[in-house]
Every structure is written in C-alpha cells, then in structure tokens.
Amino acid sequence: MPLSPSVSCRVMRHLAVTGSTNADLAKLALSESETPEGFVLLADRQTAGKGRQGRSWTAPPDSGLTFSVLFRPAIPPLQAATFPLVVGFAVAEAVQPLVPEAKVALKWPNDLQINGKKLCGILCEMRADGDKVRHLIAGIGLNVNLDPETLPPETASIATSLRAATGRSFDRMEVLTCILSSLAAAYTRWLSNGFADLLPDLLKRDALLGKRITVDRGTGPVSGTATGIAPDGALLLARDDGTVESVYSGDAHIRRDAI
Ligand code: BTN
C-alpha cells in the first residue's frame, strides 16, 4: 500500500515588515532546495499586501496574521483548481474551535466569514511549467484581535475578527499553530483522497447555500440561487430559467434585494 504523503508546515522566516509575503515566497520558492514544502513566511506587517482579483489587503500592524505557505504537489495544474477551497476549509476548521459561540462560514471560493462579515481572506497562487505544478502558495490574512472600527469606513462595517466576534483576545502564535496543523492535515487528505473526500465537510460551512447571489465573473455578472459546490470546485448556480451554471472564478455577492 502506498504511503500517504505527509507534510508539516513550519515558520521558517518571520519578518517585522515586508511588501507581500506571497510575493516574497514566490521569489524564494525558485530555489527548491532552500524552500521545502511546508515553508511558512510570516510578517507582522505588509506594505503591499495582495488580495484576490487585483485588490490589495491592508491590516493594522499586529492586529492579525499575515503569512504564506508553500506546497509542492506532484499534480497537473488542472487538479490544483480546488486548492483554494481546501485552504479555506482548513483555516475554517482550525479557527472554529476557538470561537465555539460563532459559526465560521466559507464564502466561495475562500473568504471566511462570521455573521456575514469578513474574518479571513485567502490568495492562492500557482506556478506551473507545462503540465506540472512547480509550487502552490497559500497566502492567508486573518483578523485576530482587529477592532473593525479602526478600519476605513468602507471596510469597517463588513469586517470582523476573532476578538470582535467573541469579546476575547487571542494569542496570534497559538492561532497560527492551529492553522498550520489543520492546513497540513487538509492538504494531505486532499492529495491522498481527492477533493470529493473533503467536500461534504466543506459544504457544512457553505455561506452561500440557498442564497440569491450575483457573481462578478471576468465575462460579466450572472445571478441565481447558489445550490452548492461541485466536485471540481465550481460554484453551482441555479438560474431563474431552470438551468444550472458552473462558475469557476469570480466574486459572489449575496443580493440584498433578495434577503
Ligand atoms: C482577499 O481577500 O482578497 C485575499 C487576501 C489575502 C491576503 C493575504 S495576507 C498574506 C498573503 N500575502 C499577500 O500579499 N496576500 C496574502
């Protein structure tokens, strides 16, 4: 019987300040011998944090966790399409026991929310050569002790943190340890058993299920009712004409007019 792949994720570099941990790790990853799988780059502050869809990620220093984790799976690029969901699932599972009074939900593809407010953003980036993945980088920004009131008005009302949701403060390094061990476990499960094995557990955290939503895709918006996530990672959207559309990328918004 083949051995299950196993990985352990460890902080190998901890910077007080940098531009973007994802950008730094992408450069470091070019040297395979110096950056093994599971290499974690942590920064207390980023000056050019990157978000999804070309957005930026800003967080007051020391209010949360900003870090990137390197993986080197021997898989074709297509198979990596579900990786961002696996990362979101792993972080949600790690954080949930710390906030038992709240539900940590996963908004496709991989925002984490509590009570509809953003707790964590995840940016996954891949480098591939032909049909081979060279590396995957999971960049994670988690609001730990952030006071949302300290954010600019446009984001203050849509953000939350572990502390805002519970009234308790958290040791950031303890939270990081929980996340890294959950990430290693979910990654190993994904590689060994495939995404379909994680999907039933992930769907229990689906923030969009049954909601009327609009998804901004590169090719234009599409609206309907979210009916789940497919085994290939696509968001399933039931259109009003009865057809079901698989959406592979974009940003989903719950329609306020439909709540
Ligand atoms: C998003 O919600 O749009 C994704 C935000 C991802 C932010 C994290 S912080 C650590 C890592 N480094 C970056 O530059 N971005 C990710």
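Remember, it's a predicted structure, so these values are computed and weren't measured experimentally. (Residues numbered from 1 in each chain as written. Predicted model: local features only at pLDDT ≥ 70, side-chain atom pairs only at ≥ 80, totals over all residues. Heavy atoms only, no water.)

(A) Representation of the overall build of the protein chain within the structure. Counting its secondary structure elements, the protein chain contains 6 helices and 12 strands. The globule rule puts the C-alpha radius of gyration for 259 residues at 18 Å, and the 18 Å found for the protein chain is close to it. Along the first, second and third principal axes, the C-alpha atoms of the protein chain reach 55 × 45 × 35 Å. Relative to its 259 residues, the protein chain shows a buried fraction of 49%. By sequence separation, contacts in the protein chain at least 24 residues apart represent 66% of the contacts at least 6 residues apart. Here the protein chain has roughly 12300 Å² of accessible surface; of this, 53% comes from carbon and sulfur atoms. If you average the places of the 27 positive and of the 27 negative side-chain charges in the protein chain, the two averages end up 1 Å apart. (Helix = DSSP H or I, 4+ residues; strand = E, 2+ residues; numbered from the N terminus. Rg over C-alpha atoms; globule rule 2.2 N^0.38 Å. Buried < 20%, exposed > 50% of the residue type's maximum accessible area, 1.4 Å probe, protein only. Contact = heavy atoms within 4.5 Å. Areas by Shrake-Rupley, 256 points an atom, 1.4 Å probe, with all protein chains shown as cover. Lys, Arg positive; Asp, Glu negative; His and termini not counted. Charge placed at Lys NZ, Arg CZ, Asp CG, Glu CD.)

(B) Structural context of the sheet that holds strand β10 (residues 235-238). If you trace the 5 strands from one edge of the open sheet to the other, you get β11-β10-β9-β8-β12, paired in antiparallel fashion. Among the strands making up the open sheet, the edge pair consists of β11 (244-247) and β12 (251-254). Pairs of neighbouring strands in the sheet enclose a mean axial angle of 45°, with direction left out of account. (Pairing = 2+ DSSP bridges. Axes fitted to C-alpha atoms, helices over the stretch in contact; angles between N-to-C directions.)

(C) Quick peek at empty space enclosed by the protein. Tallied over the entire structure, the rule returns 1 cavity of 30 Å³ or more. When residues of the lining of the largest cavity are traced back to their parent elements, those giving at least two are β3 (64-71) and β7 (132-143). Sort the elements by how many residues they give to the lining of the largest cavity and β3 lands first, with 3 residues. In terms of residue class, the lining of the largest cavity is built from 6 nonpolar, 6 polar and 3 charged. (1 Å grid on protein atoms, 1.4 Å probe; cavity = no way out; pocket = protein on both sides within 12 Å on 5 of 7 lines; lining within 4 Å. Points joined across faces, edges and corners; volume = space filled by probe spheres on them. Nonpolar A, V, L, I, M, F, W, Y, C, P; charged D, E, K, R; others polar.)

(D) A look at the site of the ligand. Around the ligand, 20 residues are found, and the nearest of them are Ser20, Gln46, Lys50, Arg52 and Lys118. In the environment of the ligand, a nitrogen atom lies 3.5 Å from a nitrogen or oxygen atom belonging to the backbone of Asn22. With respect to the ligand, the backbone of Arg52 contributes an N or O atom lying 2.6 Å from an oxygen atom. Protein chains bury 99% of the 410 Å² of accessible surface belonging to the ligand in isolation. Spatially, the ligand is embedded in the largest pocket. Elements with a minimum of two residues in the shell around the ligand: α1 (21-28), β3, β6 (117-129) and β7. Among the elements that line the shell around the ligand, the one with the most residues is β6, at 4 residues. (Near = heavy atom within 4 Å. Polar contact = N/O pair within 3.5 Å; in protein donor to acceptor, adjacent residues only side chain to side chain. Sits in = over half its atoms within 2 Å of the grid points.)

(E) Representation of α1. Inspection of α1 places Thr21, Asn22, Asp24 and Leu25 among the buried residues, and these make up the whole buried set. Seen along its axis, α1 keeps its buried residues to an arc of 160°; they face one direction. Looking at the buried side of α1, the elements it contacts are β1 (10-15), β2 (39-43), β3, β6 and β7. Where α1 begins, the capping side chain belongs to Ser20, and its oxygen is found 3.3 Å from the backbone nitrogen of Asn22. (Arc of directions from axis to C-beta.)

(F) Inspection of the sheet that holds strand β4 (residues 104-107) at higher detail. The strand order across the open sheet formed by 7 strands is β1-β2-β3-β7-β6-β5-β4, and the pairing between neighbours is mixed. Of all strands in the sheet, those with a lone pairing partner are β1 and β4, marking the two edges. The sheet shows a mean angle of 20° between the axes of neighbouring strands, direction not considered. Against the sheet, helix α5 (residues 172-193) engages β1, β2, β3 and β7, with an angle of about 30° to β3.

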